[in-house]
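Report on the structure
Spelled out from the first residue to the last, the chains are:
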Amino acid sequence: MSDLQWDTFSAINEHRRSVRDFTGEPLSDKDMRAILEATQLAPSSSNLQPDELHWVKDPGLCSRMAEACKGQRSAKSASAFVVIVAKWRGVKQTYQDFLAHVDHSALYDEKSKAYHHGRSKEISLISNPVARLLAGGFRFLLSFFTAHVTLAPFGTSGLHHWAARNSIFAAQALLLAASARGLDACPMEGFNPMRVAKVLGLGRGEVIPVVIAIGKRREDAKIEARWRRGDAIVFHQFL
Ligand SMILES: Cc1cc2nc3c(=O)[nH]c(=O)nc-3n(C[C@H](O)[C@H](O)[C@H](O)COP(=O)(O)O)c2cc1C
């Protein structure tokens, strides 16, 4: 790894702050498309990509979004929004599309093809309602004994958590991509999910892990001093 690579990453990472005062000026479609395409490179479990990136730029929709985000400063001054929407119901189809791609591509060897085909039964279980009900009950009962199982992707609620967790990687990629492109953003969970779902016309099975306000920071933007807890890195020593 070169120093340049690290310095570039550090500069982008340091520049990223939660900005709450934007200029409100329109953003170029070219910048937004570049950011959204970069965001799509985020990783996801089994490459199932259970997220959608809803780009809101129409001024009328933006003001409805600002209201749905409880009139927060960042939302009211933003030039655009990207709403991260997570949905597990589409993953079986995504996997089928992926298998079709694998089958028609010369870039995967026979071993890879066999591996990916071998996983399709496991992925299909997600959309099996009986398996979902049983696994959900199992997770619920176990959760009385230990919190470790509460994030397991079992049952409908477990799958919502799983999809939301996966889509957070896209959210962070988007924040860094915006920073790299000289733009600013504010991730928000202070929003009314029913109202955001209505603005976007979302279906019942979709969840909204986070809404991201995007824009250019105003010169006088108030940005809080940075603070991080000192005990978040836990070293495990192996003797
Ligand atoms: C999941 C999540 C939800 C957040 N929700 C809000 C929010 O609703 N409103 C807001 O102003 N900031 C929100 N933030 C921004 C945090 O306050 C901010 O990330 C934190 O204070 C650290 O500051 P920094 O992002 O500038 O490093 C949220 C951040 C995350 C990751």
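Presented here is an overview of the structure given in this document. Just so it is clear, the structure is predicted and the values come from calculations on it, not from any experiment.

As for the overall build of the protein
Within the protein, the secondary structure is distributed over 10 helices and four strands. By principal-axis analysis of the C-alpha atoms, the protein measures approximately 55 × 45 × 45 Å. A burial count over the protein gives 37% of its 239 residues as buried. Long-range pairs, those at least 24 residues apart, make up 78% of the contacts in the protein with a sequence separation of at least 6. Between the centroid of the 31 positive side chains of the protein and the centroid of its 24 negative side chains there is a distance of 7 Å.

Topic: the packing of helix 3 (residues 59–68) against helix 10 (residues 193–200)
Relative to each other, helix 3 and helix 10 sit at 165 degrees, their axes nearing to 9 Å. Taken together, the axes of helix 3 and helix 10 lie roughly antiparallel to each other. Along this stretch, helix 3 crosses helix 10, giving a crossing that reads as left-handed. Taken together, the residues of helix 10 that come into contact with helix 3 (itself represented by Leu-61, Arg-64, Met-65, Glu-67 and Ala-68) are Arg-195, Val-196, Lys-198 and Val-199.

Considerations on the environment of Phe-22
With respect to the element layout, Phe-22 can be found in the loop between helix 1 (3–15) and helix 2 (29–39). What makes Phe-22 buried here is its relative accessible area of 2%. C-alpha of Phe-22 to C-alpha of Arg-73: the two residues are 51 residues apart in sequence and 8.8 Å apart in space. Non-local contacts of Phe-22, meaning those with residues more than four positions away in its chain, are made with Ser-74, Ser-77, Ala-78, Asp-184, Ala-185, Cys-186, Ala-213, Ile-214, Gly-215, Lys-216, Arg-217 and Arg-218.

Quick word on the packing of aromatic side chains
A full pass over the atoms with the stated rule returns four aromatic pairs. On the basis of an interplanar angle of 55 degrees and a centroid distance of 5.8 Å, the ring pair of Tyr-95 and Phe-98 is categorised as tilted. Taken together, the residues Tyr-95 and Phe-98, both in helix 5 (residues 91–104) and three residues apart, mark about one turn of the helix. You'll find Tyr-95 and Phe-98 in the same group, each marked buried. Phe-98 gets classed as buried once you look at its relative accessible area, which sits at 17%. These aromatic residues form a ring-pair network of at least three members: Tyr-95, Phe-98 and Tyr-108.

Observations regarding the site of the ligand
Around the ligand, the structure places Arg-16, Arg-17, Ser-18, Arg-20, Gln-72, Cys-186, Pro-187, Met-188, Glu-189, Gly-190 and Arg-228. Between the ligand and the protein, one listed contact pairs an oxygen atom with a side-chain N or O atom of Arg-20 at 2.6 Å. Contacts to the ligand include Gly-190, whose backbone N or O atom sits 2.9 Å from an oxygen atom. Residues belonging to the shell around the ligand are distributed by class as follows: three nonpolar, three polar and five charged.

Here we look at the side chain of Ser-79
For Ser-79, the location among the structural elements is in the loop between helix 4 (73–77) and strand 2 (80–86). Separated by 2.5 Å, the side chain of Ser-79 and the backbone oxygen of Glu-25 make a polar contact. For Ser-79, the contacting residues outside a window of four places in its chain are Gly-24, Glu-25, Leu-27, Lys-57, Cys-62, Ile-214 and Gly-215.

Re the pairing of strand 4 (residues 207–215)
Judged by how many residues are buried, strand 4 sits mostly within the fold: eight of nine residues are covered. Where strand 2 lies against strand 4, six bridges are found, and the strand directions are antiparallel. When the sheet's bridge partners are listed, Ile-84 is paired in strand 4 with Val-210. Bridge analysis of strand 3 (residues 184–188) against strand 4 gives five bridges, and the strand direction is antiparallel. The partner of Ala-185 across the bridge, within strand 4, is Ile-214.

So, how was this worked out
- By convention here, each chain's residues receive numbers from 1 onward along its written sequence.
- Local features in this predicted model are restricted to residues of pLDDT 70 or higher, and side-chain atom pairs are both shown and tallied only at a pLDDT of 80 or more, whereas totals for entire chains, interfaces and linings draw on every residue.
- Note: side-chain values were computed over all heavy atoms of the structure, leaving out hydrogens and water.
- Comment: elements are numbered from the N terminus, with helices defined as DSSP H or I runs of at least four residues and strands as E runs of at least two.
- Three exposure classes are used, based on accessible area relative to the maximum for each residue type with a 1.4 Å probe and protein chains only: buried under 20%, partly exposed in between, and exposed over 50%.
- We call two residues in contact whenever any of their non-hydrogen atoms come within 4.5 Å of each other.
- The convention is simple: Lys and Arg are positive, Asp and Glu are negative, and His and the chain ends are not counted.
- Taken as the charge location is NZ of Lys, CZ of Arg, CG of Asp or CD of Glu.
- Interaxial angle, 0 to 180 degrees, is taken between N-to-C directions of lines fitted to C-alpha atoms, where a helix line uses only the stretch in contact.
- Every angle not falling under 35 degrees, over 145, or within 65 to 115 is termed oblique; those three ranges are roughly parallel, roughly antiparallel and roughly perpendicular.
- Note on convention: near helix rotated counterclockwise from far helix by under a right angle means a left-handed crossing. Clockwise means right-handed.
- Working definition: rings of Phe, Tyr and Trp (its six-membered ring) pair if their centres are within 6.5 Å, and the pair is stacked with planes under 30 degrees apart, edge-to-face with planes over 60 apart, and tilted otherwise.
- One heavy atom within 4 Å of a molecule or strand makes the whole residue count as near it.
- Each polar contact in these results corresponds to two N or O atoms within 3.5 Å; when the atoms are within protein, one needs to be able to donate a hydrogen and the other to accept it, and residues that are neighboring in sequence are counted only if both atoms are side-chain atoms.
- We call Asp, Glu, Lys and Arg charged. Ala, Val, Leu, Ile, Met, Phe, Trp, Tyr, Cys and Pro are nonpolar, and the rest, Gly among them, are polar.
- Criterion used throughout: strands pair if DSSP finds at least two bridges between them.

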